[in-house]
Amino acid sequence: MPKAYVFTRYGGPETEALVEQDRPSPGPGQVLVAVRAAGVNPVDWKQRTGYARPGAGARELPAVLGNEVAGVVEELGPDVTGFTVGDEVFGNPVAGGYAEYALLPTAVTAHKPAALSFTDAAALPIAAATAYDGIHQLGLPAGATVLITGAGGGVGVAATQIARALGLAVVGVASEGKKDFVEELGAVHVPSGPDLAERVRAAAPDGVDAVFDLVGGEVLEAAATLLDDRKLITGADRETAARLGGGPVERARTAAVLDEVARLVVDGRLRPFVTGTFPLDRAAEALRTVEDGHARGKIVIEVAR
């Protein structure tokens, strides 16, 4: 039977297990995909602890972990058009992606360009698409400066590159150990920690025009003091952002956005920066790498066929 990595109840890593499950069947508007790779994101372990996006219903347990995959279409659901068996695709699964098979809704599934590997494609539907949505939501003109907190993580790496591709200057907040990495992306690095606002002012004496926060908490509080207006968005702490006059990243969640980020990769303007890969039977290790907060770039689980 196909394998999947699940959490059996809400809690910590002790709730996770590699199990065998029946192969799922696609419903209307869905395709069944043989997974080749699955991206790992902070939202994965947060969902294991009970987090749910606003408006999302309760999950049936055990629940498969993971929110982005790339693979090959094996079966079409009723009335599905635009896809055929054998198509290479990537997107957001209906109910988890750390598995040998996953169901994808066609509304958030895109065809994978031949020049894009499954591993890189699996790194795009959450991090790169969130980054794309956020940078375009800010609507800054070329030459403006955006402060990106958490610039060394999956979304931050993509946001920095997309901003630079649009002609924006970027000040990237990350740990001192990620300095060279952040500067390689074309950003001015500012180390995280106390007195953050003062260090940002020194790095950007003309000020910053917007904040794209990916950390939340005290970092978001400090970053907000740098703005004259409230051009502030967050992918990490919507409650604090709202209190400070900002708001969340407004996700499009469309196949069109996936097509755009894939095009950026193929054109050489966006590198997924997959810095670690793990087989499915080491999914726990992959998730701990992200959950511990030390990962640079993206972590991906590769599923052997």
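Above this text sits the structure in question.
Residues numbered from 1 in each chain as written. Predicted model: local features only at pLDDT ≥ 70, side-chain atom pairs only at ≥ 80, totals over all residues. Heavy atoms only, no water.

A. Layout of helix H3 (residues 124-138). Compared with an ideal rise of 1.5 Å per residue, which puts 15 residues at 21 Å, H3 spans 20 Å between its outermost C-alpha atoms and is within 8% of the ideal. For H3, a buried count of 13 out of 15 residues is recorded, marking the element as mostly surrounded by other parts of the structure. Downstream of H3 by one or two residues, Gly139 has phi in the positive range, about 60°. (Helix = DSSP H or I, 4+ residues; strand = E, 2+ residues; numbered from the N terminus. Expected span 1.5 Å × (residues − 1). Buried < 20%, exposed > 50% of the residue type's maximum accessible area, 1.4 Å probe, protein only.)

B. Spatial organisation of the nonpolar core. Counting 46 residues, the largest nonpolar core has Phe90, Val146, Ile148, Phe212 and Leu270 as the members making the most contacts within it. For this core, the elements supplying multiple residues, two or more each, are strand E5 (69-76), helix H2 (118-121), H3, strand E9 (145-149), helix H4 (154-165), strand E10 (169-174), strand E12 (210-213) and helix H9 (255-266). Tallying contributions element by element places H3 first for this core, with 8 residues. Judged by nonpolar contacts, the second largest core, of 27 residues, contains Val33, Ala38, Val69 and Phe278. (Core = buried A, V, L, I, M, F, W, Y, C linked by side-chain atoms within 4.5 Å.)

C. The sheet that holds strand E1 (residues 3-7), seen in detail. Reading across the sheet, the 3 strands line up as E2-E1-E4 and stay open at both edges, with antiparallel pairing between neighbours. The open sheet has two edge strands with one neighbour each: strand E2 (16-20) and strand E4 (63-64). Of the pairings in the sheet, the one linking E1 to E2 comprises 5 bridges and is antiparallel in character. The residue bridging Tyr5 from the neighbouring strand is Leu18, located in E2. (Pairing = 2+ DSSP bridges.)

D. Broad picture of the pattern of salt bridges. All chains considered together, the criterion is met by 15 salt bridges. The partner of Arg23 in a salt bridge is Glu74, and the shortest N-O contact between them spans 3.2 Å. On the criterion of sequence distance, the pair formed by Arg23 in the loop between E2 and strand E3 (30-40) and Glu74 in strand E5 is long-range, its members being 51 residues apart. Note on Arg23: relative accessible area 38%, which makes it partly exposed. (Salt bridge = Lys/Arg side-chain N within 4 Å of Asp/Glu carboxyl O.)

E. Highlighting the pairing of strand E15 (residues 274-279). Relative to strand E16 (residues 298-302), E15 runs parallel, the two sharing 5 bridges. Its bridge partner being in E16, Phe278 is matched across the sheet by Ile301. Crossover E15 to E16 through helix H10 (residues 283-291) is right-handed. (Right-handed = clockwise from strand over helix to strand, strands pointing away.)

F. The pairing of E1, seen in detail. Most of E1 sits inside the fold, with 4 of its 5 residues counted as buried. The sheet contact formed by E1 and E4 spans 2 bridges and is antiparallel. Residue pairing in the sheet places Val6 in a bridge with Val64 of E4.

G. Representation of the packing of H3 against H4. Two numbers describe how H3 lies on H4: the axes approach to 8 Å, and their chain directions differ by 45°. In terms of orientation, H3 and H4 fall into the oblique class. In terms of crossing hand, the pair formed by H3 and H4 is right-handed. Residues Ala127, Ala128, Thr130, Ala131, Tyr132, Ile135 and His136 of H3 lie in contact with H4, whose contacting residues are Gly154, Val155, Ala158, Ala159, Ile162 and Ala163. Class assignment for the residues of the contact of H3 with H4 results in 10 nonpolar, 3 polar and no charged. (Axes fitted to C-alpha atoms, helices over the stretch in contact; angles between N-to-C directions. Parallel < 35°, antiparallel > 145°, perpendicular 65-115°, else oblique. Left-handed = near helix turned anticlockwise from the far one by under 90°. Contact = heavy atoms within 4.5 Å. Nonpolar A, V, L, I, M, F, W, Y, C, P; charged D, E, K, R; others polar.)

H. Looking closely at the packing of aromatic side chains. By the definition in use, this model includes 2 aromatic pairs. Between Phe7 and Tyr10, the ring centres sit 5.7 Å apart and the planes meet at 45°, which makes this aromatic pair tilted. Relative accessible area serves as the criterion here: at 0%, Phe7 is assigned to the buried category. Judged by centre distance (5.2 Å) and plane angle (80°), the rings of Phe181 and Phe273 are edge-to-face. Linking Phe181 in helix H5 (residues 179-184) with Phe273 in the loop between H9 and E15, this pair joins segments that are 92 residues apart in sequence. Over the face of the ring belonging to Tyr101 we find Arg23, whose NZ or CZ atom lies 5.2 Å from the ring centre. Note that Lys112 overlies the ring of Phe118, its terminal NZ or CZ placed 4.7 Å from the centroid. (Phe/Tyr/Trp six-rings, centres within 6.5 Å; stacked < 30°, edge-to-face > 60°. Lys NZ or Arg CZ within 6 Å of the ring centre and 35° of its normal.)

I. Local environment of the side chain of Asp44. Within the secondary structure, Asp44 is located in helix H1 (residues 42-48). Despite its burial, Asp44 remains without a salt bridge, the nearest opposite charge being carried by Lys298 at 7.2 Å. Setting aside chain neighbours within four positions, we find Asp44 in contact with Gly39, Leu65, Gly66, Asn67, Tyr98 and Leu287. (Lys, Arg positive; Asp, Glu negative; His and termini not counted.)

Just distances and angles here, no functional claims.
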